[in-house]
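Here are the chains, one letter per residue:
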Amino acid sequence: MNIILIGLNHNTAPVEIREKLALNGCGPAEAYHEIKTLSSLRECIYFSTCNRVEFLATTEAVDRAVKDIKAFLAAQRGLPPALFERCLYIHQAEKTVRHLFRVASSLDSMVVGEPQILGQLKEAFRAAVDHRATGAILNKLMHKSFSVAKRVRSETGIASHAVSVGYAAVELARKIFGELEGREVLLIGAGEMAELAAEHLLNHGVSRITAANRTLDRALALARRWGGRAAALEEIPALLAEVDIVISSTGAPELVVTAAAVRSVLRARKHRPLFFVDIAVPRDVDPDVNRLDNVYLYDIDDLRGVIEENRAARAEEALRAERIVEEETIKFLGWLHTLEVVPTIVAMKEKVERIRRAELDKTLARMGPLPPDQVQALEVMTEALTRKILHDPISFIKRAGRREKKDFYLDLTRRVFNLDAEPSASGEPNGQENDE
Amino acid sequence: MSEPLVRWLALGLYGLSLAGFLVFLVRRNQKAGLTAHRLIGLGFLFQSLSWLIRTIGLGQLPVLNLGEALGFFGWCLVGVYLILYRRFRLLVLGAFLSPLAVAAVLAGLIFPGKPLIVGPVYRSLWLTFHLGAVFAGYGFFALAFVIGVMYLIQERQIKSRRPGPVYHRLPSLNVLDQINYYCLAVGFPLMTLGIVSGALYAQAALGRYWRWDPKEVWSLILWLVYAALLHQRLTVGWRGRRAAVMSIIGFSILCFTFLGVSLLLPGYHSFESLQRLQTP
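Residues numbered from 1 in each chain as written. Chains lettered and ligands numbered in written order. Predicted model: local features only at pLDDT ≥ 70, side-chain atom pairs only at ≥ 80, totals over all residues.

On a plain count of helices and strands, chain A comes out with 17 helices and ten strands. In terms of overall size, chain A is more extended than a compact globule, its C-alpha atoms giving a radius of gyration of 32 Å where 436 residues would be expected to give roughly 22 Å. Along the first, second and third principal axes, the C-alpha set of chain A runs to 110 × 60 × 35 Å. Relative to its 436 residues, chain A shows a buried fraction of 36%. Intrachain contacts of chain A at a sequence separation of at least 6 include 72% that bridge at least 24 residues. (Helix = DSSP H or I, 4+ residues; strand = E, 2+ residues; numbered from the N terminus. Rg over C-alpha atoms; globule rule 2.2 N^0.38 Å. Buried ≥ 20, exposed ≤ 12 C-beta atoms within 10 Å, placed from the backbone. Contact = placed C-beta atoms within 7 Å.)

See below:
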């Protein structure tokens, strides 16, 4: 049994090709219906996001499976295979496992550490399970990839540093205010980055946004969008006494907020902290406000600097994450290996022989010295006993080796005979007291 | 098990927890942090046991010489940390506090303390209460100091606009400020109780409420400093940086009151005379 992965991602394929191959057009029902007619595939899952299209499958015949999947992709989207073939990567065995773990842990993402991919994988897995396209191996592999991702998230800081202006602003606000519940935001001017930052803050619990703008219409439109209030630029000095976070992004050539204006409200604010995010170029907020106690100012270059450092920090954490992935890959391959028929039969025989030996020695010791022919007779009798008991299970899994659900039966057998337990526990059966 | 062994055991646990907190801080290892927290809690239990044994033996809290006083101060620090942890769940605080606790307890163990002979005048529940309240107050003020230092570091990180690795590990300014306030709000009444109970006991045992001895004068100064800080905070909103700086100034006066006055300036509170003063 082989695990293979065929796909392309943002590193191997330009967006023009990715968008053509993305399978989000047709529902998973149709796709899996088609996929299940491919006789070369045992199990299959596909993921399709804006950055990647990947097929994960188990198969007996790798070459045929690869060919089938390529043909399926081409047929689905009505594309000549030559168009995307160059962009495909094909992984087998160990590489497949490692690749999947890296994808789930967001090490293969465009922005390393962004957590969306895990949700997308879970969704894809649910769809595959719903359409009965997976079996023992892929189920285990997918579950394992989720737990690897969780381990990476909790044991490394890979996702804990903001790498966009909006999130960097939220992170800073949270380092100043703690929880953002109940805090108020003043948005001066407009613009994509400023609005995004305001929205992030709103998602993190900020209670109200006030939009101030040169044209009141624009202010009203923004206020309506967030259920906030609108204000004119002249009201800013008064508003400074109330709000906690100010995001400024106007096209004004001169300062919109002066240090004097801020200083004059500090007492009225009872020295509550005030955080300025100045996204505008030229700048809106007097750089001197950063010198005031309990007032903090970040302009666009400061935020970019923070992001730059966070990226570096993420890259460093990614190295630690790779080690975790490596460790888990080796563990998973170990499990996979046990699913071969022969090792399972050997393990069963060994275990039963161990038990026979131990029990026989115990009995012989208790009976005192016996003539050799009697010892011989006991040996023969117990050997025959164990051989006959094992005969049916062994022929069952030999037959299972040719069945479609081989992995399931092997896994089940290993569990029934408790073959994967720690060596110390496996030799001695638990029912000692029943011997008496 | 003999009693000094218990004290050394407690110190060993504090030392281990200090190491754990360092791993937690440097390697961001949450498990190491939790282990360190448990170790410091266990150390606290052992140290408490040692105080219990000696208090029962002497019939009085044995904090009448420098070594014992330092050890008791260390115990209060850890105790206050454990109280704050229950409320704020802040492991980082342990990382900043454990060095202080280890230093205090270690100093307490190596400073030669004269054997304690406790005269009947000290066998009083009032005195135990006086000492307990003063030291608990010290504990909270010391934590306010630690928090103040953390605040200044974090504020510097944010103000510099180039926040480094420390920035990610320290909690938000607001949380630090809240803990600072909490420490003041609990420490100040304790300190007040300590001074009042001391005065009442002095009247009962020695015939005078207040003698203006150096310890009393400096305690009064200390009390006034914290009273001013608390007052300004509640009325004008002295928070953040100013509160942090004031907590640090307050703590340096505290150190002088605690160590300097007791060692350098003569008075009936000094450890020397505490030993001599066995009968009124």
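Next comes the rest of the description.
This paragraph deals with the confidence of the model for chain B. Looking at chain B as a whole, its pLDDT mean stands at 87, while 91% of the residues score no less than 70. With pTM at 0.74, the complex prediction returns an ipTM value of 0.85. (pLDDT = per-residue confidence, 0-100.)

What follows is about the sheet that holds strand β2 (residues 41-48) of chain A. All names here are of chain A. The sheet built from four strands is open, its strands ordered β2-β3-β1-β4 with antiparallel pairing. Of all the strands in the sheet, just β2 and β4 (89-92) have a single pairing partner and so form its edges. Adjacent strand axes in the sheet meet at a mean angle of 15°, parallel and antiparallel pairs treated alike. (Pairing = 2+ DSSP bridges. Axes fitted to C-alpha atoms, helices over the stretch in contact; angles between N-to-C directions.)

Time to look at the interface of chain A and chain B. Each partner contributes to the interface: chain A provides 19 residues, whereas chain B provides 17 residues. Looking at the side of chain A that touches chain B, the elements with two or more residues in it are α8 (165-177), β10 (295-299) and α13 (300-337) of chain A. Per-element accounting of the side of chain A that touches chain B gives the leading share, five residues, to α8 of chain A. Its residues assigned to classes, the side of chain A that touches chain B comprises seven nonpolar, seven polar and five charged. (Nonpolar A, V, L, I, M, F, W, Y, C, P; charged D, E, K, R; others polar.)

Residues and elements named next belong to chain B. Taken domain by domain, chain B comprises domain 1 (1-116) and domain 2 (119-280). Taking only C-alpha atoms, the centre of domain 1 and the centre of domain 2 are 19 Å apart. Counting residues at the interface gives 24 residues for domain 1, matched by 25 residues for domain 2. Put simply, the parts of the chain that give the side of domain 1 that touches domain 2 at least two residues each are α3 (66-88) and α4 (91-110). Looking at the side of domain 1 that touches domain 2, its residues break down into 19 nonpolar, four polar and one charged. (Domains from an automatic or database assignment.)

So, on to unusual backbone geometry. All names here are of chain A. P282 follows V281 through a cis peptide bond whose omega is -5°. In this fold, P282 is placed in the loop between β9 (274-278) and β10. Positioned with a positive phi, R132 is a non-glycine residue whose angle comes to about 50°.

Attention shifts here to the packing of helix α1 (residues 3-27) of chain B against helix α2 (residues 30-58) of chain B. Residue and element names in this part refer to chain B. Two numbers describe how α1 lies on α2: the axes approach to 8 Å, and their chain directions differ by 160°. By the angle between their directions, the pair α1 and α2 is classed as roughly antiparallel. Taken as a pair, α1 and α2 cross one another with a handedness that is left-handed. In the contact of α1 with α2, the residues fall into 17 nonpolar, seven polar and three charged. (Parallel < 35°, antiparallel > 145°, perpendicular 65-115°, else oblique. Left-handed = near helix turned anticlockwise from the far one by under 90°.)

So, on to the confidence of the model for chain A. For chain A, mean pLDDT is 86; residues scoring 70 or higher make up 95% of the total. Predicted confidence is poor over residues 424-436 of chain A, with pLDDT under 50, and the contacts of this stretch with residues over four places away or in other chains come to six contacts.

In this structure, A173, V185, L187 and I247 of chain A together with L77, F141 and L143 of chain B are the most contacted members of the largest nonpolar core, which totals 129 residues. When residues in this core are grouped by element, the largest group, 18 residues, is from helix α5 (residues 125-159) of chain B. If sequence neighbours within four positions are ignored, L143 of chain B has contacts with V80, Y81, L84 and C183 of chain B. I3, A65, L100 and A133 of chain A belong to the second largest nonpolar core, which has 47 residues in total. (Core = buried A, V, L, I, M, F, W, Y, C linked by C-beta atoms within 7 Å.)

Here we take up the environment of R283 of chain A. Residue and element names in this part refer to chain A. Assignment of secondary structure puts R283 in the loop between β9 and β10. Separated by 17 residues in the primary sequence, R283 and I300 have C-alpha atoms spaced 8.7 Å apart. Contact partners of R283, with chain neighbours within four places excluded, come to D278 and D299.

What follows covers the sheet that holds β10 of chain A. As a general point, the strands of a sheet are linked pairwise by backbone hydrogen bonds and lie either parallel or antiparallel. Residues and elements named next belong to chain A. Spatial ordering of the open sheet is given by β7-β6-β5-β8-β9-β10, a layout of six strands whose pairing is parallel. Two strands in the sheet have a free side with no partner beyond their single neighbour: β7 (229-232) and β10. For this sheet the average axis-to-axis angle between neighbouring strands, irrespective of direction, equals 20°. With five bridges connecting them, strand β5 (residues 184-189) and strand β6 (residues 208-213) associate as parallel partners. Looking at β6, one finds that E184 is bridged to R208. Strands β5, β6, β8 (245-249) and β9 of the sheet are contacted by helix α9 (residues 192-203), whose axis makes an angle of about 160° with β8.

It is worth spelling out helix α8 (residues 214-235) of chain B at this point. Residues and elements named next belong to chain B. The terminal C-alpha atoms of α8, which comprises 22 residues, lie 31 Å apart, in line with the 32 Å expected from a rise of 1.5 Å per residue. Where α8 is concerned, the buried positions are E216, W218, S219, L222, Y226, L229 and R233. Buried residues along α8 cover an arc of 170° about the axis, so they all sit on one side. Structural note: α8 exposes L224, H231 and T235 on the side pointing more than 90 degrees away from its buried face. (Expected span 1.5 Å × (residues − 1). Arc of directions from axis to C-beta.)

Residues and elements named next belong to chain A. Counting buried positions along strand β1 (residues 2-9) gives six out of eight residues, so the element sits mostly inside the fold. Where β1 and strand β3 (residues 52-59) come together, eight bridges link them in antiparallel fashion. Residue pairing in the sheet places G7 in a bridge with E54 of β3. In the sheet, β1 pairs with β4 via four bridges, with the strands oriented antiparallel. Within β4, the position partnered with I6 by the bridge is I90.

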